Amino acid sequence: MTETSNDLHGMVPDSNDTVLLLIDVINHLDFEGNEELLLVAEEIGKRIAKLKAAAHKAGIPVVYVNDNFGKWKSDFHNVIEYVINENKPGKPLAQLLQPQEDDYFVLKPKHSAFYSTPLDILLNHLDAEKLILAGFAGNICVLFTANDAYMRNFKLIIPRDCIGSNTKEENEACLDQMEKLLKADTRPSTEIIEDMIKKPKTKKTDAERAQEPKKVIKK
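- Under an unreviewed UniProt entry, the protein chain has the name Rhodanese domain-containing protein and belongs to Adineta ricciae.
- Looking at the protein chain in UniProt, the text filed under Sequence similarities (unreviewed entry) is "Belongs to the isochorismatase family."

### Focus: the packing of helix α1 (residues 35-57) against helix α7 (residues 189-198)
(1) Moving on: Here α1 crosses α7 at 10°, and the two axes come no closer than 9 Å. In terms of orientation, α1 and α7 fall into the roughly parallel class. Between α1 and α7, the contacting residues are R47, K50, L51, A54 and A55 on the first element and S189, I192, I193 and M196 on the second.
(2) Moving on: Across the contact of α1 with α7, the residue classes break down as 6 nonpolar, 1 polar and 2 charged.

### Digging into unusual backbone geometry
Leaving glycine out, the prevailing phi sign among residues is negative, and the prevailing peptide bond configuration is trans.
(1) Moving on: A cis amide bond, omega -25°, links F136 with the succeeding residue A137.
(2) Moving on: Among the structural elements, A137 can be located in the loop between β5 (130-136) and α5 (138-151).
(3) Moving on: Located in the positive-phi region is D127, a residue other than glycine, with phi close to 60°.
(4) Moving on: Structurally, the position occupied by D127 is in the loop between α4 (117-125) and β5.
(5) Moving on: In this structure D127 comes out as buried when scored by relative accessible area, which is 13%.
(6) Moving on: Unusually for a residue other than glycine, N153 sits at a positive phi of about 70°.

### Observations regarding the environment of P159
(1) Moving on: Secondary-structure assignment places P159 in the loop between β6 (155-157) and β7 (163-164).
(2) Moving on: The exposure class of P159 is buried, given its relative accessible area of 0%.
(3) Moving on: Residues P159 and D185, 26 residues apart in the sequence, show an inter-C-alpha distance of 7.3 Å.
(4) Moving on: What P159 contacts, discounting residues up to four positions off in sequence, is L51, I132, L133, D185, R187, P188, S189 and I192.

The rules behind these values
Residues numbered from 1 in each chain as written. Predicted model: local features only at pLDDT ≥ 70, side-chain atom pairs only at ≥ 80, totals over all residues. Heavy atoms only, no water. UniProt positions renumbered as here; feature names shortened; annotations may be inferred. Axes fitted to C-alpha atoms, helices over the stretch in contact; angles between N-to-C directions. Helix = DSSP H or I, 4+ residues; strand = E, 2+ residues; numbered from the N terminus. Parallel < 35°, antiparallel > 145°, perpendicular 65-115°, else oblique. Contact = heavy atoms within 4.5 Å. Nonpolar A, V, L, I, M, F, W, Y, C, P; charged D, E, K, R; others polar. Buried < 20%, exposed > 50% of the residue type's maximum accessible area, 1.4 Å probe, protein only.

Written as structure tokens, this is what we have:
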């Protein structure tokens with residue numbers, strides 16, 4: 001069992017007990033059985049964009065956690081270019097939800113965001129206790145991420161209108177599972193945004209964070 005250093009050399013200046021994870025929102029959506037999801041993906045994307053804007057306004061860090069689509073030599077910007085320039089079905093969604101300069105991103109090799117060790121390290125440095133999850137597919141990557149987050153004792157908020165699956169039935173089933181088994185808050189994004197507006201910012205100073213013990217992430 002190896003220990004992974006959690007020293008990010010001062011590259012994570014933000015601190016908040018809540019973090020917004022955008023899961024596979026830069027997505028080619030080019031797969032079998034995508035017909036029903038394509039009909040709703042852009043509308044879901046618009047709601048995610050509003051959620052993200054509210055998070056920025058509330059000082060909540062935004063982390064893109066994305067598949068690399070088998071492109072092992074790619075960085076996140078290459079993934080964005082691939083989806084947009086190759087005119088994939090997910091192009092409108094990717095254009096709508098392109099990251100901003102102050103957003104974070106992590107590439108993952110498999111379904112759960114926590115397959116990527118850097119995400120554990122990043123969340124530790126952000127002092128995260130609560131995760132807001134949004135993205136695709138609800139019954140696969142969002143569900144797997146929610147399960148791993150729950151096992152790490154994160155509180156979960158999963159706005160029910162900000163995730164999408166191949167079918168409406170699959171989406172409703174995974175939401176029901178996450179609400180019942182993972183104790184997730186699945187209220188609509190409008191209510192979550194209202195809570196963000198009311199929530200005081202919780203950023204800590206560098207001095208305060210330096211005094212706190214840091215978890216050691218092990219794999």
